[in-house]
Amino acid sequence: MVLTEELNQILASAKQDIGKVTADTLDDVRIKYLGRKSELNELLSRIKDLPESTRADVGKKGNEVKTVITKLLDEAKEKLLASAGPTFFDPTVPGVRFQIGRTHPVTQMTNQLVTLFRGLGFSVAEGPEAETEEFNFNLLNIPADHPARDEWDTFWVNRKSDPNQSILLRTHTSPVQLRYMQNHELPIRVVVPGRTFRFEAEDATHSSVFNQLEGLVVDKDITVGHLKALLTTVYQQILGNDIKLRLRPSFFPFTEPSFEVDVWFRGQWLEMGGAGIVHPQVLRNANINPDEYSGLAFGLGIDRLVMLKHNIKDIRLLLSGNLEFLNQI
Amino acid sequence: MKIPYGIIRSWTKFKGSPEELKSLIDLHITEVEEVVESGTYANMVVGDILEILPHPNADRLQITKTKVGEEVFQIVCGGKNIKVGQKVPVALPGSTTANGIEIQASTIRGEDSLGMLCSDAELGFPQKVDGVMILDSDLTPGTPLSQVFDSNSGLAYDLKVLANRPDYMSFLSIAREVSASMGEKFSYQLPTTYKKSRTTDTTKLLKVKQTVKPDLCARYLAKVVTNVTVVPSPQWLQDTLQAAGIRPINNLVDAANLVMLETGQPIHIFDLNKINRHSVTVRMGKGGESIKCLDEETRKLSGDDIVIADSKGALAIAGIIGGEESAVTSATTDIAIELANFDRKTIRLSSRRLGVRTDASSRFERGVDVYAIDLALERLLNLIEDLSPKAVIAKGEYDLHKTLPPKRKEITFDLTRIQRLIDLSLSNTEITKLLELIDLPSKITKDKIKVSVPNYRSDIQEAADIAEEIIRIHGLDKIEARFPMMTMAPTTVPALFDLANKVANIMSRMRLVEVKTHPFIAKDADANAIALENPLNENWSHLKTRLLPTLINFEYQDAKLGVFEINKVFAKQGKGQPMELTQVAARFEAPNAYSAARGALTKLFSELGINDDYRELPSGLGLEVVVNGETVGEIIYHTPTTAGFEINLDQLVPLINWSKPVTELAKYPVVKFDLAFEINSGIRIGKMQDAITEVSDLVVDVELFDIYEMADLRRSTAFHISLRSPERTLTKEDRDTVQKAIIDLVASKFQAKYRG
């Protein structure tokens, strides 16, 4: 019974305090009567120690008091608000922070390139990453012990004397050229995006794992002019219309003539990758008559394009899984 | 291969600036990998003094902040005359001043100093000003001093030697190409005159024998010169060698090196009197044999190395490096000159096995013209006569050789084929003129072109090779860009490529971020993984068989996130190429991560239109994902806050429903109610939910919305149940019937206690 008495006193006291409450004191009053450390809360916590006969009644009374005080406080607040003038909507309150998912920068660039090339009538092909020495080198006119092999530092999976049994991680996407030419009707327009590997120590500008997009066109009378037009268009679409493109003489065993492709971007010539007219021997290796057909081929560095486009200084970020980096692109 | 700017200027009609020459080589010949400088002004640039501070520990010194190009270096300076804003000559670390001070990054009385501001004397000029030389204020910081003083004596171009153009390893070839690129015929000729002795005879002073197969040594020419004087070379010769990156030694060795640079023919000189019995044999090495080389290293030889030997043992490793024993020294009076042509594969393998690469071996392994010997010999004798005037050049020589290929071959190509490839409107005369400039004289008759190809251009075999020469020399910039005209055809994309893209898209829409990782792992990470023969490091020795472990190992700080990867993994598969599978793996970080992983996978499959099923993993900590009876992946509990899944995409390709039909929208309202049960530990809620769904056709959805563990490990679970009929509005009776059926079922089958 003592508890009921105390509850009544609390209610009385609360009514009095609420009667003279102001905007300044409203929170204090609320804490005084309803807060975690309030007298009421302390009383309610003692109910469980009462004899079972009175526990329910006192409990009920306690909740009633709490409800009444809550209601009185809400009313008091309403009243204060009404007298405070028109309500104010603050449009400058910062919004909720949204999270979005996203694909990897290399996936984004690959898709941009694939969309662009499909628009130009190119199909897409893929090939094995663990490739035979025959397809990665020999059929591309790069015989064993040729100095040209030095250009491709290779991860070997299982090196054997028979190049058809000798397995490596492909050093370029070019072997897919052959696989595609061997299995498709002419004319051919295809791009091959894919992961490639080089046996080299990693630093800010070198990664042992990177991505290329290989392009191949085979038809009657394909020329260097066609190569120029295609590459110019592609780099314009990716890096902007004010880029310039130039070809420099080079050597790749699987193209003749062979070129380095440079793009003038942000005030300097940048090396973008190799290109050329498919070597007649490579066409023969794919059972295509080089006297009748010719082809152009080029390779784009997908990682390099991502780095240029987004001004990334360290290629290792791409395979780091670092979300602070990935969430920016 | 480094070619000095000065050589091009004096051998050709090129009169332009170093930059113009760089661009000409880049656009017509090969890549200039670097413009390098040696000699007086190497590593010296214009500096801009941005700041001058007193040196805290030395009254007579000052500290400057000097801009030297993009960078600003702190340089301590003793000169009193410097002021902020002045342009001054800066000797950077690695340079040597005219009075012999070698500049290094150093600390001067406790302050770092990255170079030196130079005085007149330090640059080799008479000292006019006391203190630092002050340069023209218009100069740009970073400009090489060689440009400021218009001295290009030490300037050289480091060229990329294309694998099909071994002849690019000679000044002559590069100079010819530079001339041709300017439209000029190359007419420079190396001096080759000298006086031959009438009495002294090579064959009387030296015996040469060859026992190696002729294929391994196509030609071996030896000649004796007596009465030589070995002294340091004159400055011009030392400068030229240094510009090309070769250290001067003495007049004879330097002459041999210069001729190698000029002609591409490596030359070796022996001290004749150090050859036992004046008799040498070109033979294969022997096991157990070793030789102390010119670089003071002793190397063990094998039967695969070619050596030049006397009766006592090897004197030189053929085509790679000479021996110390028979080297030319200041005491040398008579010499034997060797000009040979060794097999490129043999030299390449020997050089790799022995771990030594020299100017000679890098030429031989690319392939040297067997006729380069003739010009090189005459030029060398001319130089020796010049550098050691009392030398007596013996008459006669050894010239051991197999049948040599013709000096020139006539090859006929299809002219129309060439014209179609180059796509330039060049007249026949223009074509023959262009080819003539690069030593490929030709004759055109109707639609054929007959080209005379010198032996050193063995790369020219096909019409495409001629096409390349024409457009390269003519100028690649003259080719007009135009699109090919091709037949229209639909494009195709591999189904797996499409699927991977679709999955990436769905995953990112579920707010996951795609990551990409290396395909490598350590051996102990997976016993079934395929090993690499030459891994980059031991943590990357094998190829991944699954993607998830790497994702799980990433240390992320966020309490809530999801990342995924789509990539290839590799598995052993008999002989030949390993099996390659494309996987998607996802890792979730959340208060109840397993639930997130399972929910995401369910959504992924429903978006793909694939019906999935599950089997518990033996560990009990996850599920096998089963599609059409085949296991396609796993969902894995890692910790309460980390979980993930991985799925093989290849298996899903045939199952994707690319045109998922929509179900017709219902005409009648849904009736919803909630049911809560208490179940014993060990009861599978997933199975319970499946069972509830099966109770009646009217049940259209069962959603678990609450689950908690009680103190005795029993669990309380609650479901939202949705009922709907396609035919009518459901009544209270319908609802009660279904509800009762559910309660009865879970009571009997799962011993679940109905709570309300």
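Rules behind the numbers
- Residues numbered from 1 in each chain as written.
- Chains lettered and ligands numbered in written order.
- Predicted model: local features only at pLDDT ≥ 70, side-chain atom pairs only at ≥ 80, totals over all residues.
- Helix = DSSP H or I, 4+ residues; strand = E, 2+ residues; numbered from the N terminus.
- Rg over C-alpha atoms; globule rule 2.2 N^0.38 Å.
- Contact = placed C-beta atoms within 7 Å.
- Buried ≥ 20, exposed ≤ 12 C-beta atoms within 10 Å, placed from the backbone.
- Expected span 1.5 Å × (residues − 1).
- Arc of directions from axis to C-beta.
- Pairing = 2+ DSSP bridges.
- Nonpolar A, V, L, I, M, F, W, Y, C, P; charged D, E, K, R; others polar.
- Axes fitted to C-alpha atoms, helices over the stretch in contact; angles between N-to-C directions.
- Parallel < 35°, antiparallel > 145°, perpendicular 65-115°, else oblique.
- pLDDT = per-residue confidence, 0-100.
- Core = buried A, V, L, I, M, F, W, Y, C linked by C-beta atoms within 7 Å.

Student: Please provide a residue-by-residue account of the overall build of chain B, values included.
Tutor: Along chain B, the regular secondary structure elements total 18 helices and 39 strands. The C-alpha radius of gyration computed for chain B amounts to 40 Å, which surpasses the reference 27 Å derived for 756 residues by more than 25%, pointing to a less compact arrangement than a globule. Seen through its C-alpha atoms, chain B measures out along the principal axes to roughly 130 × 80 × 65 Å. Summarising the internal contacts of chain B: among those between residues at least 6 apart in sequence, 67% fall at separations of at least 24.

Student: Account for the overall build of chain A, naming residues and giving values.
Tutor: Assigned secondary structure in chain A consists of 11 helices and 10 strands. Split into buried and exposed, the 329 residues of chain A put 41% on the buried side. When contacts within chain A are restricted to residue pairs at least 6 apart in sequence, long-range pairs at least 24 apart make up 64% of them.

Student: Which residues make up helix 14 (residues 495-509) of chain B, and what values go with them?
Tutor: Between its first and last C-alpha atoms helix 14 of chain B spans 21 Å; for 15 residues at 1.5 Å apiece the expected length is 21 Å, and the two agree. For helix 14 of chain B, the complete set of buried residues consists of Leu499, Ala500, Val503, Ala504, Ile506 and Met507 of chain B. Viewed end-on, helix 14 of chain B has its buried residues packed into an arc of 165 degrees, placing them on one side of the element. Buried residues belonging to helix 14 of chain B abut helix 5 (105-119) of chain A together with strand 27 (513-514), strand 30 (561-571), strand 31 (579-589) and helix 16 (593-608) of chain B. Trailing helix 14 of chain B by a residue or two, Arg511 of chain B shows a phi angle of about 70 degrees, which is positive.

Student: Outline the environment of Ser170 of chain B, supporting the account with residue identities and numerical values.
Tutor: Turning to its location among the elements, Ser170 of chain B is positioned in the loop between strand 10 (155-159) and helix 4 (171-181). Setting aside chain neighbours within four positions, we find Ser170 of chain B in contact with Glu262, Thr263 and Gly264 of chain B.

Student: Tell me about the pairing of strand 37 (residues 699-709) of chain B, and name the residues and values.
Tutor: All names here are of chain B. By the bridge criterion, nine bridges tie strand 37 to strand 38 (residues 715-723) in an arrangement that is antiparallel. Of the residues in strand 38, the one forming a bridge with Ile707 is Thr717. Between strand 37 and strand 38, which pair antiparallel and follow one another directly, the connecting turn spans five residues, one of which, Leu713, has a positive phi of 75 degrees.

Student: Provide a residue-level description of the sheet that holds strand 31 of chain B, including the pertinent values.
Tutor: All names here are of chain B. Spatially, seven strands are ordered 27-30-31-35-34-33-32 in an open sheet, and the strand pairing comes out mixed. Both edges of this open sheet fall to strand 27 and strand 32 (613-616), since each of them pairs with a single strand only. In this sheet, strand 30 lies alongside strand 27 in parallel orientation, the contact comprising two bridges. When the bridges of strand 30 are listed, Glu514 appears paired with Phe564.

Student: For the interface of chain A and chain B, give the residues involved together with the corresponding values.
Tutor: Residue-level contacts link 68 residues of chain A with 74 residues of chain B. A class-by-class count of the residues in the side of chain A that touches chain B yields 31 nonpolar, 22 polar and 15 charged.

Student: I'd like a rundown of the packing of helix 12 (residues 428-437) of chain B against helix 13 (residues 463-474) of chain B, residues and numbers included.
Tutor: Residues and elements named next belong to chain B. Interhelical geometry of helix 12 versus helix 13 gives an angle of 85 degrees and a closest axis separation of 10 Å. When the axes of helix 12 and helix 13 are compared, the pair comes out roughly perpendicular. Contacts between helix 12 and helix 13 involve Ile431, Leu434, Leu435 and Leu437 from the former and Glu469, Ile470, Ile473 and His474 from the latter. Residues that form the contact of helix 12 with helix 13 fall into these classes: six nonpolar, one polar and one charged.

Student: Any details on the sheet that holds strand 12 (residues 207-210) of chain B? Residues and values, ideally.
Tutor: Strand-to-strand pairing in sheets goes through backbone hydrogen bonds, with the strands running parallel or antiparallel. Residues and elements named next belong to chain B. Strands sit in the order 12-15-18-19-20 across an open sheet of five strands; the sheet is mixed. Where the open sheet ends on each side, the last strands, each with one partner, are strand 12 and strand 20 (321-322). The sheet contact formed by strand 12 and strand 15 (residues 279-284) spans four bridges and is parallel. Each bridged residue has a counterpart across the sheet, and for Lys209 the counterpart in strand 15 is Thr281.

Student: Explain the environment of Leu169 of chain A to me, and be specific about the residues and the numbers.
Tutor: All names here are of chain A. One can find Leu169 in strand 4 (residues 167-169). A count of 25 C-beta atoms within 10 Å places Leu169 in the buried class. Residues Leu169 and Val93 lie 76 residues apart in sequence; the distance between their C-alpha atoms is 54 Å. Discounting residues that sit within four places of it in the chain, Leu169 has contacts with Glu129, Ala130, Phe155, Val157 and Phe197.

Student: Tell me about helix 11 (residues 415-422) of chain B, and name the residues and values.
Tutor: Residue and element names in this part refer to chain B. For helix 11, the buried fraction is high: six of the eight residues fall into the buried class. Regarding helix 11, the residues found buried are Leu415, Arg417, Ile418, Gln419, Leu421 and Ile422. At the exit of helix 11 stands Asp423, carrying a positive phi of roughly 55 degrees.

Student: Give me the packing of helix 2 (residues 18-28) of chain B against helix 4 of chain B: which residues, what numbers.
Tutor: Residue and element names in this part refer to chain B. At their nearest, the axes of helix 2 and helix 4 sit 10 Å apart, and the two run at 90 degrees to each other. With respect to helix 4, the axis of helix 2 lies roughly perpendicular. Of the residues in helix 4, those touching helix 2 at Leu24, Ile25 and His28 are Glu177, Val178 and Ser181. Taken together, the residues of the contact of helix 2 with helix 4 break down into three nonpolar, two polar and one charged.

Student: Outline unusual backbone geometry, supporting the account with residue identities and numerical values.
Tutor: The residue after Leu186 of chain A, namely Pro187 of chain A, is reached through a cis peptide bond having omega -5 degrees. Along the chain, Pro187 of chain A falls in the loop between helix 7 (175-183) and strand 5 (188-197). Here the amide bond leading from Glu256 of chain A into Pro257 of chain A is cis, since omega sits at 0 degrees, within 30 degrees of zero. As for its placement among the helices and strands, Pro257 of chain A is situated in strand 8 (residues 255-265). For Arg266 of chain A, which is not glycine, the phi torsion reads 50 degrees and is therefore positive. If you trace the backbone, Arg266 of chain A turns up in the loop between strand 8 and strand 9 (268-278). One non-glycine residue, Gln751 of chain B, lies in positive phi territory at about 50 degrees. Turning to its location among the elements, Gln751 of chain B is positioned in the loop between helix 18 (732-750) and strand 39 (753-754).

Student: Provide a residue-level description of the pairing of strand 8 of chain A, including the pertinent values.
Tutor: Residues and elements named next belong to chain A. Summarising burial for strand 8: nine of the 11 residues are buried, a large majority. Where strand 7 (residues 244-252) lies against strand 8, eight bridges are found, and the strand directions are antiparallel. Of the residues in strand 8, the one forming a bridge with Leu245 is Val263. With antiparallel pairing between neighbouring strands as the criterion, strand 7 and strand 8 make up a hairpin whose turn holds two residues. Of the pairings in the sheet, the one linking strand 8 to strand 9 comprises nine bridges and is antiparallel in character. Counterpart to Thr255 in the pairing with strand 9 is Val278. Where strand 8 folds back on strand 9, the antiparallel hairpin that results is connected by two residues, among which Arg266 adopts a positive phi of roughly 50 degrees.

Student: Account for the confidence of the model for chain B, with residues named and values stated.
Tutor: Considering every residue of chain B, the mean pLDDT works out to 92; 99% of them sit at 70 or more. Reported confidence for the predicted complex is 0.84 by ipTM and 0.83 by pTM.

Student: Provide a residue-level description of the nonpolar core, including the pertinent values.
Tutor: All names here are of chain B. Ranked by size, the top nonpolar core spans 225 residues in total, and within it Ile3, Ala318, Ile335, Leu380, Val503, Ala586 and Ala597 carry the most contacts. The biggest single contributor to this core is helix 10 (residues 372-387), with 10 residues. Not counting residues within four places of it along the chain, the set of residues in contact with Ile3 comprises Ile8, Ala156, Tyr157, Leu159, Phe171, Ile174 and Ala244. Of all hydrophobic cores here, the second largest spans 21 residues; its members include Met44, Val88, Val132 and Leu145.

Student: Lay out the environment of Thr229 of chain B with the relevant residues and their values.
Tutor: All names here are of chain B. With respect to the helices and strands, the residue Thr229 is situated in the loop between strand 13 (217-226) and helix 6 (235-243). Each C-alpha atom, one on Thr229 and one on Pro54, is 56 Å from the other, the two residues being 175 residues apart in sequence. Each residue touching Thr229, except ones within four places of it in the same chain, is listed here: Ser388 and Lys390.

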